[in-house]
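Examining the three-dimensional arrangement
Residues per chain are reported as follows:
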Amino acid sequence: MPTSKYLLFILILTVAAAGCNEDEFLEEQPLSFFSPNNSFQNFEQFESSLYDLYARVRTTHYSEDDFSYAHHYGTDMMKDARLSNSVGRVGDYTSAFNPTSGLVNWHWERWYKIVSSVNFILAQLEAAELTAEQATLIEAESRLFRGLAYRYLVYLYGDVPLYLDAINSPRTDFTRAPRAEVLAQIIEDLTFARDNLPGITEVPDGRLHALVAQQLLAETYITTGQNDLAIAAATAVIDDPATALMTERFGISAGVDTFDVYYDLFRKGSQNRSGGNTEAIWVAQMETDIPGGLLTSTGGISSNRFERFHAPAVFTLNDPDGNSGMLSWVGDLNGGGRGVSFMQPTDWFENDLWASDFDSDIRNANHNYRRTLIYNDPSSAFFGQSAIDFPGTVIQSSDWRFYPWLTKVTTPMNHPPALYADPSIFLLTASAGATYTDQYYMRLAETYLLRAEAHLAAGDAQAAADDINVVRNRAQATPVAAGDVTLDYILDERARELSLEEQRRITLHRTGTLVERVRRYNDHNGDEIQDYNALWPIPLREIEANTTGNLPQNDGY
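An account of the accompanying structure is given in this report. Quick caveat, the model's predicted, so the values are computed rather than measured.

**Examining the overall build of the protein chain**
Secondary structure assignment for the protein chain yields 20 helices and 10 strands. The globule rule puts the C-alpha radius of gyration for 557 residues at 24 Å, and the 26 Å found for the protein chain is close to it. Along the first, second and third principal axes, the C-alpha set of the protein chain runs to 95 × 70 × 50 Å. Among the 557 residues that make up the protein chain, the fraction classed as buried is 58%.

**Quick word on empty space enclosed by the protein**
Overall, the coordinates contain 4 cavities of 30 Å³ or more when judged by the stated rule. Here the largest cavity defines a volume of roughly 230 Å³. In this structure, the largest cavity is lined by 19 residues; those nearest its centre are Arg151, Tyr152, Tyr441, Met442 and Glu446. Where the lining of the largest cavity is concerned, the elements lending two or more residues are α4 (43–62), α7 (132–157), α9 (210–223), β10 (439–443) and α15 (444–457). Per-class residue counts for the lining of the largest cavity are 9 nonpolar, 4 polar and 6 charged.

**Let's talk about the pattern of salt bridges**
The tally for this structure, following the rule as stated, stands at 39 salt bridges. Asp76 is paired through a salt bridge with Arg517; the nearest N and O atoms lie 2.8 Å apart. Highlighted residues: Asp76 in the loop between α4 and β1 (78–80) and Arg517 in helix α19 (residues 514–521), separated in sequence by 441 residues. Comparing Asp76 with Arg517, the two get one shared label, buried. Between Glu493 and Arg472 there is a salt bridge, with its nearest N and O atoms 2.8 Å apart. Of this pair, Glu493 sits in helix α17 (residues 487–498) while Arg472 sits in helix α16 (residues 461–474), and the two are 21 residues apart along the sequence. Comparing Glu493 with Arg472 shows no difference in burial state: the two are buried. Here the salt bridges share partners, and the residues they tie into one network are Glu279, Asp357, Asp361, Arg363, Lys408, Arg443, Arg472, Arg474, Glu493, Arg496, Glu497 and Glu501.

Rules used in this analysis
Going along each chain's sequence as written, the residues are numbered from 1 onward. Given that this is a predicted model, residues contribute local features only at a pLDDT of at least 70 and side-chain atom pairs are listed and counted only at 80 or more, while totals for whole chains, interfaces and linings are drawn from all residues. With hydrogens and water excluded, all non-hydrogen atoms of the structure serve as input to the side-chain values. Labels follow the DSSP assignment, with helices taken as runs of H or I lasting at least four residues and strands as runs of E lasting at least two, numbered in each case from the N terminus. Radius of gyration: over C-alpha atoms. The globule rule applied is 2.2 Å multiplied by the number of residues raised to the 0.38 power. For each residue, the accessible area found with a 1.4 Å probe, counting protein chains only, is set against the maximum for its type, and the residue is called buried under 20%, exposed over 50%, and partly exposed in between. Using a 1 Å grid laid over the protein atoms alone, points where a 1.4 Å probe fits but cannot get out form a cavity; open sets with protein on both sides within 12 Å along at least 5 of 7 lines form a pocket; any residue with an atom within 4 Å of a point counts as lining. Grid points are joined across faces, edges and corners, and a volume is the space filled by probe spheres set on the points. Residues are grouped as follows: nonpolar covers Ala, Val, Leu, Ile, Met, Phe, Trp, Tyr, Cys and Pro; charged covers Asp, Glu, Lys and Arg; every other residue, Gly included, is treated as polar. The term salt bridge refers to a side-chain nitrogen of Lys or Arg lying within 4 Å of a carboxyl oxygen of Asp or Glu.

Purely spatial values, then, with no claim about function.
Structure below.
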């Protein structure tokens, strides 16, 4: 009977409980699901957590979302080609940067998620089954990620909550730590990483090592005015026996005489040390059609959408007769791939920046910065002729459909086979649009420019010029004289050398030059940017949720 079965069940529970003390009865032993107690027991499990941090950093920089590329849009270098109100493309500063903006929330959440994950990893180290050497290595790698996360947070938002312990329950009491305190913690984390991570030759491609920490330290020391330390940190990277600027042709394009070593740097397979590149410091690893590799060649357009966002939509152009002038989506140096004309160079970056060495600087060569366009539709009477010299009505009415573009962010003549509708002419399918190469987080050319910045701040303009000229000599550009070196000049050189590699907005925030340079050089956003845009606002929902803490809003918002 149901009643008898119910009484029997109660009796069994009572007897079972009588055999246990209260602590034993309440203690949960997870055996068939993951918990902190069984997920961080050995070195392999900690390694898995670190792999997640690599993935988070990569997708924050190179996802399918406009928000990933917001540190390029709305700067001195790039603007929203469509002149839209798109938040992700910084169509206007008011929409993009306000306390309820999805863009502002997106970056706050992603970097704090990394901070939170690192703190949780560190909290599990003491009880784990690790050797002292393993524990130190996990701590060093984790703390480098935390230093990197706070680097973005402090430059974007200014004073931000600084917490170093794992959070196991909801908190509403966060306060904003002074910028100087956050920078000091970044230096502490990076110093531990520098002292305890292996060297660059001891890790596989894409893995963090001591020189990554050194480079970030050099940058942070510049911010804190510790220029001698910045010079020493950058010098450690430059003088490492395993690093050197690439000056000879290499990689899959090395046999093409019309190209150059700068072009080689951005070809498929050439970003890593395993590809012969001694200039690479830290590289985001991309794999196609492999789980976790970020890139796909089937289905929809995958992540790392630089090609789609930056390359112009030339496939839409007609010829002067009104007929089709361009084939759809040709992935060569003329067609640019599956571009849709979102991220357009500013007039300054397109023209003025290159004026002194327009024809000699290899970074401005037509195969690196594509300024020509040839009609490629065989059915057109203008086939093989210049679409710029003989424009059709579409480009005349919508000039954003073609603009000079940087070939480093696409894969000319080398897209995955599955993306070709006709490989004989590099005609792509509608699933194209990603950039199918690994991406630089750091390379040695930037290290020279960081050391130049530190030398200049320390009052040694000649040493600064010497470092800049190492980069300019490789580019076959006119050397700069010591008397002409300024912070503006260094930022100009970073634009020429590191275009769409460095997170440009972070560099401008870091150097306190964002507002002034956008006003001076961005022909779309320059009239609207305000002084208070030197910092992003604190997300409103963070302020509202922090009921017992102190998260005041940044001035102006």
